[in-house]
Structures are given as C-alpha cells and as structure tokens.
Amino acid sequence: AQSVTQLDSQVPVFEEAPVELRCNYSSSVSVYLFWYVQYPNQGLQLLLKYLSGSTLVESINGFEAEFNKSQTSFHLRKPSVHISDTAEYFCAVRGTYKYIFGTGTRLKVLA
Amino acid sequence: EAGVVQSPRYKIIEKKQPVAFWCNPISGHNTLYWYRQNLGQGPELLIRYENEEAVDDSQLPKDRFSAERLKGVDSTLKIQPAELGDSAVYLCASSSPRTDTQYFGPGTRLTVL
C-alpha cells in the first residue's frame, strides 16, 4: 500500500521569495510521483511528474521537484514566487495502478 | 487536444433526491477515474474503469452510488438517494498507458441541502 504526507497545510510567503512545499511518501513498490495544482473552483492540473530517469524534474512555470528515494521525498520548490502561484498544491503517488493523494498545501503568496 | 469534460459544474439538491454526473474523457484514454474531494482534502478514488470494465470499485458506497461506462468512452456517476454528507466536488480523470499520467476535468460541485 502507498501513502502520501504533506505536512504543511498552509504556507504563506512573500512575492519573489523562494518556497518549498514538502511531500513524503511510503510504498512497498516502485512509484511514480506527481504534483498537481488546483486553483479555486477548478480541477487539478498536472504541474510536474517523476516517472523515471533524472531525479530532478521541472515545470514550464519555474517549479521543480526532486525525487529522493532514500528520504522517500518529492519536495516542490520555486526560487521566486508570484501572486499568481497562489493555489492548492497536491502531491500524489502511484504504485501499481492506484493514485494516492496528499491532503494538499495551500500556498498563499503575499504582496 | 480537448481535455476531460464534466457536467454539470454545479448542482444543488435536497437530501434523498437522486443526482447524476457525466464525464467525457480525453480521446483515446482507456482508463477513467471518478474521485470525491471533500473540502480541504485531496481527491479520494471512488471507481476506476479500464475501458468499460470497473476494475477497482472498492471505495464506492454501493448502497447509494452507481457508475457506468457502457461503451468504454463517457461515464455517468449516480447517487440515489443523496445524503448531506455527499456534499463534495466530484472529479473525473482519465489516462492512457502511453502517458502514465492522469488528467482531470473541472469537477462537479455538489451541495446537498
């Protein structure tokens, strides 16, 4: 069985500051890892994913995440956030077939 | 390419009434998922289809929930009768073996009064 833990329910950060949203997982099998973003009243949008290969993955809007197998983590980072990054961020893990989502982290970017 | 389409976007009903949600996945995606997302929580899987076959419905409350995907394309999720605790956002997602990634629709926000 797999599980996902997002320890931070809310993260406030000032505009242009760096941010890290934490995600830890547990699994007895090899996994794929995902970060999704959800804006108010919308569905989840894929931000980035790790399937195999390079452990550092990047999105088109400046986010990156690094798969760390020894620490079972997949933290999301951005060196400089914008107001438009304000949203809910979900980490997800997929084992054999099933996707398991974390409880989400609400990123609030302050002017 | 067109994304996952869901309708309606919003639905308000009284308890004990029936309700149905519709989903059309991305063309060519043979796997379809229905999730329920409660306020402040991540999505929780209700049912997963591979083509027209429900391969994982272990989390579907079968006394009141039902789903179908008759031709292996679009799908309907039904609740009958609805209860107050069913208020949530119902999300549909689809994927294909080629992408190994789920893509979500905008969801249906259900309010049961």
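Our structure is the block above this text.
Residues numbered from 1 in each chain as written. Chains lettered and ligands numbered in written order. Predicted model: local features only at pLDDT ≥ 70, side-chain atom pairs only at ≥ 80, totals over all residues. Heavy atoms only, no water.

**Observations concerning the packing of aromatic side chains**
- Scanning the entire structure with this criterion turns up 13 aromatic pairs over all chains.
- Put simply, the rings of A:Phe34, A:Tyr36, A:Tyr99, A:Phe101, B:Tyr33, B:Tyr35 and B:Phe104 pair up and form one aromatic cluster. (Phe/Tyr/Trp six-rings, centres within 6.5 Å; stacked < 30°, edge-to-face > 60°.)

**Brief notes about unusual backbone geometry**
- The residue after B:Ser7, namely B:Pro8, is reached through a cis peptide bond having omega -10°.
- Within the secondary structure, B:Pro8 is located in the loop between strand 1 (5-7) and strand 2 (10-13).
- Phi is positive for A:Glu16, close to 75°, though the residue is something other than glycine.
- A positive phi angle, near 80°, is found at B:Lys16, a position not held by glycine.
- Along the chain, the position of B:Lys16 falls in the loop between strand 2 and strand 3 (19-24). (Helix = DSSP H or I, 4+ residues; strand = E, 2+ residues; numbered from the N terminus.)

**Side note on the sheet that holds strand 8 (residues 75-79) of chain B**
Residues and elements named next belong to chain B.
- With antiparallel pairing, 4 strands are arranged side by side in an open sheet as 1-3-8-7. The two strands at the open ends of the sheet, each matched to only one other strand, are strand 1 and strand 7 (65-68). Between one strand axis and the next, the sheet turns through 15° on average, direction left out of account.
- Here strand 3 runs beside strand 8; their pairing, made up of 5 bridges, is antiparallel. Across the sheet, Trp22 pairs through a bridge with Thr76, a residue of strand 8. (Pairing = 2+ DSSP bridges. Axes fitted to C-alpha atoms, helices over the stretch in contact; angles between N-to-C directions.)

Fair warning: the whole summary comes from geometry, so function is off the table for now.
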